[in-house]
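# Per-entry structural report
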Amino acid sequence: MPEAPEAFFVPDGERYVPTELTRGPWDPDSQHAGPPAALIGREVARLDRGSQRRVGRITYEILRPVPIAPLSVTAHVVRPGRAVELVEASLADSDGEVIRARAWRLREGDAAIPAGLSSVDGPGAIGSSRSTLRPGFAPPGPDEAPPGSFFDTGQDVGYHTAMEYRFVRGAFAEPGPAIAWMRMRVPLVEGEEPTPLERVLVAADSGNGVSATLDWSRFLFVNVDLSVHLHRPLDGEWVCLDAITIPERSGIGIADTALYDERGPVGRAAQTLLVDERR
């Protein structure tokens, strides 16, 4: 019996070989977008050894399903600057590009922000609605939430087994908005400790999954893009998704996700969805 994979990707020269843990819920031969998004983010963050800059926003255009096949990833600066720079990145298989991304990297500094305004020491907003980032607020922690289980994908191994889920509100079998903590069970790349950026990006694409409003067996609601804004690094291993999905009869939808760690908000993610009935 073959051993279970121990990472999402295994390096192979200049390429990365995805393991079964990257498999998504829609197609057994295609990846969940989370692991490849994190792989691209890793390349963007490592460009020029980081240059003491941090990713403030990264947007992915998903050009076609990402196959479970060897991939190459590249990144380069297209708009240099002393304080901010724009980076373009690409993920490709043997047939060409599968995901294209653009990211802003911002210079880290030391700003004299008055007390009570930052993400970890603000007072919070009374009466804030779901999926609103609230300074000074964090949802109940993962230790206070029961373990969650993924819906049946028909596969024994995949992204659903590589991630740990704990729902504060909602569940995969409970349609509607949800608050869920997620944590990687394995590294992104074999032999490497995941970075805070990688931990966020591998989870952020799950906003439309944890807050699904439609029956998985009847409908597809696949995102064609993912945009993640981050104002500080993740603290710890757990990422919290406070998410809502809104489908329209036009066949277009959106998933809106506020991202937290146990200290408070870290950013936000948005996805444009193609909604259709399964055939």
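Residues numbered from 1 in each chain as written. Predicted model: local features only at pLDDT ≥ 70, side-chain atom pairs only at ≥ 80, totals over all residues. Heavy atoms only, no water.

### Some details on the packing of helix H1 (residues 34–46) against helix H3 (residues 196–204)
Helix packing geometry: the angle between the two helix axes and the distance between the axes. Their axes nearest at 7 Å, the elements H1 and H3 cross at an angle of 150°. On the basis of their axis angle, the class for H1 and H3 is roughly antiparallel. Between H1 and H3 lies a crossing of right-handed hand. On H3, the residues touching Gly34, Pro35, Ala37, Ala38, Gly41, Arg42 and Ala45 of H1 are Leu197, Glu198, Leu201 and Val202. Of the residues belonging to the contact of H1 with H3, the class tally is seven nonpolar, two polar and two charged. (Axes fitted to C-alpha atoms, helices over the stretch in contact; angles between N-to-C directions. Helix = DSSP H or I, 4+ residues; strand = E, 2+ residues; numbered from the N terminus. Parallel < 35°, antiparallel > 145°, perpendicular 65-115°, else oblique. Left-handed = near helix turned anticlockwise from the far one by under 90°. Contact = heavy atoms within 4.5 Å. Nonpolar A, V, L, I, M, F, W, Y, C, P; charged D, E, K, R; others polar.)

### Describing the nonpolar core
Counting residues in each nonpolar core, the largest one holds 62 residues, and the members touching the most others are Phe8, Ile40, Ile58 and Val228. Per-element accounting of this core gives the leading share, six residues, to H3. For Val228, the residues in contact, after removing those within four places along its chain, are Gly56, Arg57, Ile58, Val200, Leu201, Ala204, Leu259, Arg268 and Ala269. (Core = buried A, V, L, I, M, F, W, Y, C linked by side-chain atoms within 4.5 Å. Buried < 20%, exposed > 50% of the residue type's maximum accessible area, 1.4 Å probe, protein only.)

### Observations regarding H1
For H1, built from 13 residues, the straight-helix expectation of 18 Å at 1.5 Å per residue is met to within 8% by its first-to-last C-alpha distance of 18 Å. Extensive coverage of H1 is indicated by the burial of ten of its 13 residues. Residue Asp48 follows H1 closely and has a positive phi angle near 55°. (Expected span 1.5 Å × (residues − 1).)

### Let's talk about the layout of surface pockets
Of the pockets and cavities examined, the largest pocket occupies roughly 490 Å³. In terms of lining residues, the largest pocket is bounded by 27 residues, among which Trp26, Gln31, Ala33, Val222 and Asn223 are the most central. Of all elements in the fold, only helix H4 (207–210) and strand E9 (219–223) reach the threshold of two or more residues within the lining of the largest pocket. Across the lining of the largest pocket, the residue classes tally to 16 nonpolar, eight polar and three charged. (1 Å grid on protein atoms, 1.4 Å probe; cavity = no way out; pocket = protein on both sides within 12 Å on 5 of 7 lines; lining within 4 Å. Points joined across faces, edges and corners; volume = space filled by probe spheres on them.)

### Here's the deal with the packing of aromatic side chains
For the coordinates displayed, the defined rule picks out three aromatic pairs. Summarising the aromatic geometry, the rings of Phe8 and Tyr159 are spaced 6.4 Å apart at their centres and angled 35° between planes, so their arrangement reads as tilted. Residue Phe8 is found in the segment before strand E1 (9–12), and its partner Tyr159 is found in helix H2 (residues 159–162); the two are separated by 151 residues along the sequence. Each ring, one from Tyr165 and one from Phe172, has its centre 5.1 Å from the other, and the planes form 80°; the classification is edge-to-face. (Phe/Tyr/Trp six-rings, centres within 6.5 Å; stacked < 30°, edge-to-face > 60°.)

### A short note on the confidence of the model for the chain
Taken over all residues, the pLDDT of the chain has a mean of 89, while the share at 70 or more is 90%. Confidence drops under a pLDDT of 50 for residues 123–129, and excluding neighbours within four residues, the segment shows five contacts in the predicted structure. (pLDDT = per-residue confidence, 0-100.)

### Section: the pattern of salt bridges
Tallying each qualifying case throughout the model produces 18 salt bridges. Across the salt bridge formed by Glu20 and Arg23, the nearest N and O atoms sit 3.7 Å from each other. Under the relative-accessibility criterion, Glu20 is labelled partly exposed at 38%. Ionic pairing is found between Asp256 and Arg268, a salt bridge with its closest N-O pair at 3.0 Å. Here the residue Asp256 occupies a position in strand E12 (residues 252–260), and Arg268 occupies one in strand E13 (residues 265–277), the gap between them amounting to twelve residues. (Salt bridge = Lys/Arg side-chain N within 4 Å of Asp/Glu carboxyl O.)

### Regarding the pairing of E1
Sheet topology note: the E1/strand E2 (residues 15–18) ladder contains four bridges and is antiparallel. When the bridges of E2 are listed, Asp12 appears paired with Arg15. Between the end of E1 and the start of E2, which pair antiparallel, lie two residues, with Gly13 showing a positive phi angle near 65°. (Pairing = 2+ DSSP bridges.)

### Thoughts on the side chain of Ser90
Among the secondary structure elements, Ser90 is positioned in strand E5 (residues 84–93). Among the polar contacts listed, one links the side chain of Ser90 to the side chain of Glu97, at a separation of 2.8 Å. Here Ser90 is in contact with Ser72, Val73, Thr74, Glu97 and Ile99, once residues within four sequence places are set aside. (Polar contact = N/O pair within 3.5 Å; in protein donor to acceptor, adjacent residues only side chain to side chain.)

### Details of the side chain of Glu198
Topologically, Glu198 is positioned in helix H3. With residues near it in sequence (within four places) discarded, Glu198 still touches Ala38, Arg42, Met184, Leu188 and Glu193.

### With respect to the pairing of strand E7 (residues 163–171)
As judged from the seven bridges shared by E7 and strand E8 (residues 174–184), these two strands associate in the antiparallel manner. Looking across to E8, one finds that Arg166 is bridged to Trp181. Counting the residues in the hairpin turn of E7 and E8 gives two residues.

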